[in-house]
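Here is what each chain is made of, one letter per residue.
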Amino acid sequence: FANGAVLHPSAVDPWNSPGIGRVLWHSLRDPDATVRLHPKALPSLAGWGLRFLRESAPARHRAHTRDNVALALRSVALMAELPGEGIVYDAASPGTLAVHRDARALAQAVEWARWLQDQGVPHGVLDRDALLAREPSLRPLANDLAGAIHFTGDALGDAQRCCESLAQRLAALGVDLHWRCPVTALTRHPGGGLTVTHGEGRSRRHDHVVVAAAVWSEDLVAPLGMRLPVRPAKGYSLTFRREDGAAEETPPAWMPRHPLIDNTLHIAITPLPGRLRVAGTAEFRGFDPALDPGRVARLQRQLARVVPVLASAPAGWTVKGWTGLRPLSVDGKPIIGATRVPGLWLNTGHGPLGWTTAAASAEMLTAALAGQRPPVDAAPFAPSRFGL
């Protein structure tokens, strides 16, 4: 209910980009850094962090990006089919505008976009006038803009509504969904398969178990002798919502028509019916679920540099902050498939790409369970790359 709401094959490069080590080192002394490493998180990142830095080598980083692009492109294609199956989520495909504020940054972005196009991600280049014609909400910033890359294959949607609609569809197909039923343990069953223990102390044997518990996946599989290379990367978002909950036929002039990514400010802004979502920042802070008012305020200040009217909630609108823990794998790619424990399967480690790659990840896992070959090569995402 509070994610970035964008399906973006254009932005699936892992966060451990070349030079990330220097960024994290300086962030230790800068509480306002966009990507921040907290000293108290250092012990939990010791071994993982070294691998994280090693995977940031340019050749490795580009290879991981290529793998993620393939998964994301397939996923967006699958998502486009869901409304035809009765699963609705306010889907729209206006493409993303990656906005740049100086000519040099725009030129570098064009080079990267060309490489992405070679991987199948379509784009167009907009100068300032073309950008303002396509996105009138940016006109107050006209003097600060150089142009944008329009990633025409990106889409958007309401992830919460998608999940709710999907749950209804699954229930209609006869799937049993157990809500508020926490799993407290996974153990090997003497007769084969796995025993799942629930919070109420009940247990049941299963031939196959899929662990898709994001940052909490490791807690579940650790008793089986497995250590997942996944760590929490804390993110924040703000949601502006009409007080009456309605979706206006004519949105206000300040409401963007497209998802916007400001690469200078490192924030993403997404319009949804009757709402606007802004997401950004990342913190390595361990399993800290607290909403930091300072980070929320920083995010709103950054937003106001793109949509000035949103320095505070406009009349008739409310604003609410949120924070959550992204399950970031050490190489920036999801972990999908069978493990060395018979009957145990993983679908985790998606980091900031969960919504973008969800459908293709599910397809990949389903194919593996059925002994079939998925449309996207599963090898780069296999748990076996980590000895799992």
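Scroll up a little and you will see the structure.
Residues numbered from 1 in each chain as written. Predicted model: local features only at pLDDT ≥ 70, side-chain atom pairs only at ≥ 80, totals over all residues. Heavy atoms only, no water.

## So, the packing of helix α3 (residues 58-81) against helix α9 (residues 354-369)
Their axes nearest at 7 Å, the elements α3 and α9 cross at an angle of 90 degrees. Classified by the interaxial angle, the pair formed by α3 and α9 is roughly perpendicular. For the pair α3 and α9, contact is made by L71, A72, R74, S75, L78 and M79 and by W355, T356, T357, A358, A359, A360, S361, E363 and M364, respectively. Looking at the contact of α3 with α9, its residues break down into nine nonpolar, four polar and two charged. (Axes fitted to C-alpha atoms, helices over the stretch in contact; angles between N-to-C directions. Helix = DSSP H or I, 4+ residues; strand = E, 2+ residues; numbered from the N terminus. Parallel < 35°, antiparallel > 145°, perpendicular 65-115°, else oblique. Contact = heavy atoms within 4.5 Å. Nonpolar A, V, L, I, M, F, W, Y, C, P; charged D, E, K, R; others polar.)

## Brief notes about the packing of aromatic side chains
Scanning all chains against the criterion turns up seven aromatic pairs. Between W48 and F284 the ring centres are 6.1 Å apart and the planes differ by 50 degrees, which places this aromatic pair in the tilted class. Remark: F284 occurs in strand β14 (residues 275-284) and W48 occurs in helix α2 (residues 42-54); sequence separation between them is 236 residues. On the basis of relative accessibility, which here comes to 5%, the residue F284 falls in the buried class. Arranged with centres 5.0 Å apart and planes meeting at 65 degrees, the rings of W254 and W317 form a pair that is edge-to-face. Of this pair, W254 sits in the loop between β11 (230-242) and β12 (260-262) while W317 sits in strand β15 (residues 317-329), and the two are 63 residues apart along the sequence. When its relative accessible area of 8% is taken as the criterion, W317 is described as buried. Three or more aromatic residues link up through ring pairs in this structure, and these residues are W48, F52 and F284. Taking NZ or CZ as reference, K333 lies 6.0 Å from the ring centre of F381, over its face. (Phe/Tyr/Trp six-rings, centres within 6.5 Å; stacked < 30°, edge-to-face > 60°. Buried < 20%, exposed > 50% of the residue type's maximum accessible area, 1.4 Å probe, protein only. Lys NZ or Arg CZ within 6 Å of the ring centre and 35° of its normal.)

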